[in-house]
Amino acid sequence: MKVEGTDVAQEVSTGTLPGWDRVEHLVTDAHDRFRDDADGEVADYIPVLAEADPGWFGVCVAESGGDVHVAGDTDVEFSVQSISKAFVYALVCQAFGHEGVLERIGVNNTGLPFSSVMAVELNSGHPMNPMVNAGAIATTAMMPGSTSAEQWENVRRGLSAFAGRPLELDRAVYRSESGTNMRNKAIARLLESYGRLPVDPLEAVDVYTRQCALRVDARDLAVMGATLADGGVNPVTGECIVSAQVCRDTLAVLASTGMYERSGEWLFEIGLPAKSGVSGGIVAVAPGKGAIGTFSPPLDDAGNSVRGQRATAYLSRALGLNVFASAARVPRRGADHQVSRHGTGTA
Ligand code: GLN
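Caption draft 1: Summary view of the side chain of Ser-176. Residue placement: Ser-176 occurs in helix 6 (residues 171-178). Setting aside residues no more than four positions away along its own chain, Ser-176 makes contact with Ile-46, Pro-47 and Val-48.

Below is the structure:
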């Protein structure tokens, strides 16, 4: 449903990060605090992912002004996996516009795991959520290009522009996932049966599988996220990748769906739009300020990196990034208003 009242120019009001030294110190501190945490399991449903070292841990903050702060394993490469969904969605929004993508893909959380077939069935084949597999395959199928090879090239080029360097396909990950992704193929066939895919379903899954196998490091994630925090301009290269409206749309979707069925808890605790992937990456974006990229393979049971969540939670608080936080500007007057366990009252 179209919301009325959105036909006025968008003003922007954000804030600034603390000074360079403070950010540098906090990034190192975030790494030191959580490096020895050993909770979580490395994903193995894509066989080659099980080879990851559970000790890898990198933390990076990229500022929207272009400064980058790193600690730990920020140059270890891994496959981007589901984090690609956020950036392919942005590219498709750029090509088709707000209404086009809203109508064809949707923007709501399914509340179900990322590989759910039920979610498609329960919504009569409408994908609903571009950050889980069904919606992401439908999104990839909309990428500009007259053949799947052209679509793939546009995905690779687009994500490379977000990262500010050429990203390469991890052939071992691509092969490993291609041999085991029957579920994604089934999801694509199901979407086809509802008339929801404009291209050949298996070709759409192939482009999607390739996009998930692009190699990035934690620094790339932070720069990609900082591009969404910077109105679509890559703060390191200065290249304009997508419009400011596309960034807004993409971040709104990430806020409600980026951390799978834990998106509500994530927003409640951390207060930032974010996206995670099963190889252990997380990108969290603070509009106007910058982005946090983390990498650590052990995951919780929803598929989110455990150390990555902890480091991001710490940095969100310490850097003042929670988009819902405010501090009173008017001095307090009179008695404190309190809500007791038995109802509202003034004490
Ligand atoms: N390529 C993976 C899949 O389709 C991505 C999943 C993820 O990172 N959550 O299952």
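So, next bit.
Caption draft 2: Structural context of the pairing of strand 7 (residues 290-295). A large share of strand 7 lies buried, amounting to six of its six residues. Across the two faces of strand 7 the burial is the same, with Gly-290, Ile-292 and Thr-294 and Ala-291, Gly-293 and Phe-295 all buried. Across six bridges, the pairing between strand 1 (residues 58-63) and strand 7 is antiparallel. Of the residues in strand 7, the one forming a bridge with Glu-63 is Gly-290. Strand direction decides the pairing type here: strand 6 (residues 281-286) and strand 7, joined by six bridges, are antiparallel. Residue Val-285 lies in a different strand from strand 7, and its bridge partner there is Ala-291. Hairpin connection between strand 6 and strand 7: a loop of three residues separates the two successive antiparallel strands, and Gly-288 in this loop has a positive phi of roughly 85 degrees.

Caption draft 3: How the structure looks around unusual backbone geometry. With a phi close to 50 degrees, Gln-81 is a non-glycine residue in the positive phi region. Locating Gln-81 in the fold gives a position in the loop between strand 3 (78-79) and helix 2 (83-104). Positive phi is not limited to glycine here, since Tyr-260 has a value of about 55 degrees. Locating Tyr-260 in the fold gives a position in the loop between helix 10 (244-257) and helix 11 (263-269).

Analysis parameters
- Residues numbered from 1 in each chain as written.
- Predicted model: local features only at pLDDT ≥ 70, side-chain atom pairs only at ≥ 80, totals over all residues.
- Heavy atoms only, no water.
- Helix = DSSP H or I, 4+ residues; strand = E, 2+ residues; numbered from the N terminus.
- Contact = heavy atoms within 4.5 Å.
- Buried < 20%, exposed > 50% of the residue type's maximum accessible area, 1.4 Å probe, protein only.
- Pairing = 2+ DSSP bridges.

Honestly, that's just the spatial picture; any functional story needs more than this.
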